[in-house]
Amino acid sequence: MAPSSSALVSFAIPLIFGVFLRLLFRLLKSRQARKPSLPYPPGPAPKFLIGNAFDVPRFGAYKKFAEWGKEYKSGLIHISAAGQHIVIVNDRKIAEELFEKRSVLYNDRPEFPVVPLMGLDYNFTFLKGDAWLAHRRICQKNFNSSAAKQYQPMQTTEVHTFLRGLLNSPSEFTDHYKLLSIALQLSTMYGFTPTSLDDEIIRVADESSALSASLLLPGATLINIFPILRHVPAWVPFASGQRRAKRCKELTELVKALPLNCAKKSVKEGKASPSLVTEYLEQKALGISDLEQEKIINNVAWTVYNGGSDTTRAATGAFIHIMAKHPEIQRRAQAEIDRIVGCDRLPTFADRTKLPYIDAIYREMFRYHPITPMAIPHCLNEDDVYEGYFLPKGAWVVPNIYAMARDENVYSDPSTFHPDRFLDANGELNDDSRVLTYGFGRRVCVGKAVASASTWLTIVSFLACFNVGKAKDDFGNEIEIDDEYEDNGAMIQKKHFACSITPRSEQARSLILETEFL
Ligand code: HEM
């Protein structure tokens, strides 16, 4: 039954009044309840009631934050939005001091009131306290640098499938690397390998993650600013956030069940490939399990699928784009691979330590193009003071990785792609091994060893087998390579672009084809 208009009016008036009161309350609370004797870090002056909400661009905010860093000559910037304090860290040393040396204060996450409505409570990126710790422990056990080696056979298989895809239909390279990034997570977490992007799991997950991104962007829904709005039912005409959240919840539940059911079926039939979930299910069949652990394993597996696939996809897209624009760097990398690996086999993980230039490309790629330019915001759980500036409890603290990676005091000529900056005078890797784009402190990417291995293998295998460069139009003219990236507020993805991907040699072609029978 459709709600009547008088019912809507009687519902809307108290609601608007409630929102107004809440805004006023937050403002008064932030102004009066805490009158710090020390100043906040510098930043643009906040406007009455709304603060700096309209000073921050919806996309590319990290560039604006870096500009403010220069304008106010400070590694720390303070802004506010409707009473919410936000501290931006533009400087790597300050980030290491706050997120790492004072990690106990900085390991929380901000609360997004829309998250439970979206059914994303399972995503442990948003968890806090003991629940977060329990999930993080399972991850550390399974994804630390030595445990990450267990995934190498699956990573090798998926990267080889990617090479074959490129060989068969190089112009569809964006689809191939999307499938690679999803297959890497599904195979390592569930022992399940999708063979095409039409797979139901991928279709549902795509719809669900597009909806999630649209609800989690700053300013995307008022529910995040005024939690009282979460009580508004989805049928209210202006409650589009509630409707999107409800749809997201339905999709989330479906998409969580799909790969889990595949894993259960494969275990039951005795055909399971090793993975986090199938190994757990096998233990469960032997009676070695408990319900709490089962819940955590399922949450971790799905969080990894969500978090790991988009990031891996963004990394591969950025790599192909950067290589297409730097043929001289490709040639030098290929010379290193030919010298160390030779031309009669494909590279393996065992070659990594002997190929410093490839690792320099890996490090420089994430410096030049940090795909998660602001990581995920942390939240301060106690008042703190840094060099005379007051940082209030509850503030969102955002590491601006882009600003750190482009800091000319640390990296000379930072807007040039220059892998040599990570090599010493002997051509060996220097000690600047920190990949900033994995974030900081106790919330640092817990899958970074797994991500590093799959990204490295993708880079080295691609360079061993293919050249990438400008494509030609129908008249034989070269098409310029565009620099258009899509920014969803949390991550930057390369948009599809025209380029030519060709096998380096007949031998490379044969090596790729042989992988089907390995
Ligand atoms: C190139 C690929 C990847 C990048 C750039 C990346 C980056 C990040 C970043 C920036 C964070 C937040 C760090 C912070 O809050 O300071 C994060 C968190 C996380 N990452 Fe990754 N990630 C990648 C791949 C992966 C993979 C493959 C996995 C799993 C195997 C994974 C699992 C996670 C999890 C579970 C968290 C949440 C940690 C927590 O909140 O405690 N990531 N990642």
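Everything numeric here is computed off the predicted structure, so don't read it as measured data.

**Brief notes about the layout of surface pockets**
- What the second largest pocket holds in volume is close to 530 Å³.
- For the second largest pocket, the lining is made up of 19 residues, of which Asn90, Asp91, Ala403, Asp407 and Asn409 are closest to its centre.
- Elements supplying a minimum of two residues to the lining of the second largest pocket: helix H2 (61–71), helix H3 (92–101) and helix H15 (401–405).

**Structural notes on the coordination of the iron atom of the ligand**
- The sole protein-derived ligand of the iron atom of the ligand is Cys445 (SG), positioned 2.3 Å away.
- Relative to the assigned elements, Cys445 resides in the loop between H15 and helix H16 (448–465).

**Concerning the pattern of salt bridges**
- Evaluated as defined, the whole model comprises 28 salt bridges.
- For Glu408, the salt bridge goes to Lys70, with nearest N and O atoms at 3.9 Å. Separated by 338 residues along the polypeptide, Glu408 in the loop between H15 and H16 and Lys70 in helix H2 bring together distant segments of the chain.
- Using a relative accessible area of 45% as the deciding quantity, one classes Glu408 as partly exposed.
- Owing to a relative accessible area of 57%, Lys70 belongs among the exposed residues under this scheme.
- Of the charged contacts in the structure, one is a salt bridge between Glu100 and Arg434, with a shortest N-O distance of 2.7 Å. Of this pair, Glu100 sits in helix H3 while Arg434 is found in the loop between H15 and H16, placing the two residues 334 residues apart along the sequence.
- Residues joined in a network through salt bridges with shared partners are Arg92, Glu96, Glu100, Asp432 and Arg434.

**A closer look at the confidence of the model for the protein chain**
- Looking at the protein chain as a whole, its pLDDT mean stands at 90, while 92% of the residues score no less than 70.
- As a predicted assembly, this complex carries a pTM of 0.91 together with an ipTM value of 0.99.

**Let's talk about the side chain of His369**
- Tracing the chain through its elements places His369 in the loop between helix H14 (356–368) and strand S3 (378–379).
- The residues touching His369, leaving out its near neighbours within four places in the chain, are Ala318, Ile322, Glu364, Tyr485 and Ile492.

**What to know about the packing of helix H7 (residues 152–168) against H16**
- Where H7 contacts H16, the two axes come as close as 10 Å, and the packing angle between them is 35°. Crossing geometry of H7 relative to H16 is assigned as right-handed. Contact residues: Gln155, Thr156, Val159, Phe162, Leu163 and Leu166 in H7; Val450, Ala453, Ser454, Leu457, Thr458, Ser461, Phe462 and Cys465 in H16.
- Residue composition of the contact of H7 with H16, grouped by class: nine nonpolar, five polar and no charged.

Definitions and limits used
Residues numbered from 1 in each chain as written. Predicted model: local features only at pLDDT ≥ 70, side-chain atom pairs only at ≥ 80, totals over all residues. Heavy atoms only, no water. 1 Å grid on protein atoms, 1.4 Å probe; cavity = no way out; pocket = protein on both sides within 12 Å on 5 of 7 lines; lining within 4 Å. Points joined across faces, edges and corners; volume = space filled by probe spheres on them. Helix = DSSP H or I, 4+ residues; strand = E, 2+ residues; numbered from the N terminus. Donors = N, O, S within 2.8 Å, 3.2 Å for Na, K, Ca; no water. Salt bridge = Lys/Arg side-chain N within 4 Å of Asp/Glu carboxyl O. Buried < 20%, exposed > 50% of the residue type's maximum accessible area, 1.4 Å probe, protein only. pLDDT = per-residue confidence, 0-100. Contact = heavy atoms within 4.5 Å. Axes fitted to C-alpha atoms, helices over the stretch in contact; angles between N-to-C directions. Left-handed = near helix turned anticlockwise from the far one by under 90°. Nonpolar A, V, L, I, M, F, W, Y, C, P; charged D, E, K, R; others polar.

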